[in-house]
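Letter by letter, the chains look like this.
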Amino acid sequence: MTNTQTTNWYLPTLVLCTALAGLSVWAISVGSTHIPMLTVVQALTDPSVDSREAQIIRTVRLPRVLAAIIVGAALAVAGAIMQAATNNPLADPGLLGVNAGAAFAVVVLIVIKGPAAGIGALAWAAFLGAAVAAVLVYGLGALGRSGPTPVKLVLAGVVIGTFLAVLTMTILLVDGKTLDAVRLWTAGSLRGRVLGDVVQVMPYIALGLILAMLFRDQFTALSLGADVAQGLGQNPAKWRAVSAGIVVLLAGGSVAIAGPLGFVGLVVPHMVRLTLGPDYRNILPLAMLGGALLTLLADALPRAVWRNDIPIGISLALVGGPFFIWLARRSSGLAR
């Protein structure tokens, strides 16, 4: 790789960081009550400002924006890692059943402990559910002589994810109290998130992101296929296990705070890869920023346009659905 190629990500990083800062201020300003962006900046930079608008900004809108940023960053990085580990361009935590497993475990815990279950406990339940789902999907996809091919992993993810989603919906239909408590969360929503929720989940997601950045070279080698990775001195089985652990941290933490969101981990890594190539030293940092941007925009745009709080899972599906169809057609050669 040339020096020009390795430094191409600096300018996009600067652009995305600037865009994320501006979008964050704008997202805080929109809602049922519009707040001027200058007021937002003053409330965020001057603690002495104690107006009603400042209280709304600090206690309601800022936590929601922070939640959107960390969730989007985590899901985009998790999707990129899954695509490298499985050599599957269609992989993401939603498509391969990881989000469904985390959501199922969270709902089971809420049924057992009630709606008062803390976000910390929900995060651990999400980690466990995500890990079990990942093992089931990989085990099912590895059956047969051909092993875990991209198409088989997608099919296994659809089967396991659909099964867990049906189980989750069955529980919610039987237990009306739990349904009322998690109705918006199951569609993917950041409504009602407070700073304490973000603080409790942030360490797990931060750990996952740090590990992902430290192991970027390993993910690049893994994405080249098991034979090439072994030729480079890598143990593919070991690094697939490491990848799974990181994805569980990222996807589990995201589901605990925002519900089972889809498509971020599919759309963003591909946009980065199409722009800057297959080097994960470039893909992961830019996917992190791009995921934060996409998720924040999907959460804030409906409030700005329609003055209505539409679950973010619906907004992301409107973007991700057509992209998935295009990507599936573009990658149809994998099935041959």
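Residues numbered from 1 in each chain as written. Predicted model: local features only at pLDDT ≥ 70, side-chain atom pairs only at ≥ 80, totals over all residues. Heavy atoms only, no water.

### Quick word on the packing of aromatic side chains
Each aromatic ring pair is summarised here by two numbers: the centre-to-centre distance and the angle between the ring planes. Going through the model one piece at a time under the given rule, you end up with four aromatic pairs. With 5.5 Å between their ring centres and 90° between their planes, Trp 124 and Phe 127 make a pair best called edge-to-face. Here Trp 124 and its partner Phe 127 are both found in helix H6 (residues 119-141), three residues apart, which amounts to about one turn of the helix. Classification of Phe 127 by relative accessible area gives buried; the value is 7%. Among the aromatic side chains, those forming a connected cluster through ring pairs are Trp 124, Phe 127 and Tyr 204. (Phe/Tyr/Trp six-rings, centres within 6.5 Å; stacked < 30°, edge-to-face > 60°. Helix = DSSP H or I, 4+ residues; strand = E, 2+ residues; numbered from the N terminus. Buried < 20%, exposed > 50% of the residue type's maximum accessible area, 1.4 Å probe, protein only.)

### What to know about the pattern of salt bridges
Applying the stated criterion across every chain yields a total of seven salt bridges. A salt bridge links Arg 191 to Asp 309; its shortest N-O distance comes to 3.9 Å. Residue Arg 191 is found in the loop between helix H8 (176-186) and helix H9 (195-214), and its partner Asp 309 is found in the loop between helix H14 (280-306) and helix H15 (312-330); the two are separated by 118 residues along the sequence. Note on Arg 191: relative accessible area 52%, which makes it exposed. For Asp 279, the salt bridge identified is with Arg 281, shortest N-O distance 2.7 Å. (Salt bridge = Lys/Arg side-chain N within 4 Å of Asp/Glu carboxyl O.)

### Some points on the nonpolar core
Counting residues in hydrophobic clusters, the biggest one holds 88 residues, and the most contacted among them are Ile 81, Phe 219, Leu 250, Leu 284 and Leu 296. Examining the composition of this core, we find that 19 residues originate from one element, helix H4 (residues 52-86), more than from any other. When sequence neighbours within four positions are dropped, the list of residues in contact with Phe 219 reads Ile 81, Ala 84, Ala 212, Ser 243, Ile 246, Tyr 280 and Leu 284. Ranked by size, the runner-up nonpolar core spans six residues in total, among them Ala 100, Val 137, Ala 156 and Leu 164. (Core = buried A, V, L, I, M, F, W, Y, C linked by side-chain atoms within 4.5 Å. Contact = heavy atoms within 4.5 Å.)

### So, the packing of H4 against H14
Here H4 crosses H14 at 140°, and the two axes come no closer than 7 Å. Considering the angle they form, H4 stands oblique to H14. The handedness of the crossing between H4 and H14 is right-handed. Within the contact between the two elements, H4 uses Arg 64, Val 65, Ala 68, Ile 69, Gly 72, Ala 73, Ala 76, Val 77, Ala 80, Ile 81, Gln 83 and Ala 84 and H14 uses Tyr 280, Ile 283, Leu 284, Ala 287, Met 288, Gly 291, Ala 292, Thr 295, Leu 296, Asp 299 and Arg 303. (Axes fitted to C-alpha atoms, helices over the stretch in contact; angles between N-to-C directions. Parallel < 35°, antiparallel > 145°, perpendicular 65-115°, else oblique. Left-handed = near helix turned anticlockwise from the far one by under 90°.)

### Points about unusual backbone geometry
For Phe 263, which is not a glycine, the phi torsion comes out positive at approximately 80°. With respect to the element layout, Phe 263 can be found in the loop between helix H12 (236-258) and helix H13 (264-276).

### Brief notes about the environment of Gly 129
Turning to its location among the elements, Gly 129 is positioned in helix H6. A relative accessible area of 9% means that Gly 129 is categorised as buried. Each C-alpha atom of the pair Gly 129 and Val 25 lies 35 Å from the other, and the pair is 104 residues apart in sequence. When near neighbours in sequence (up to four residues on either side) are disregarded, Gly 129 contacts Gly 101, Ala 102 and Ala 105.

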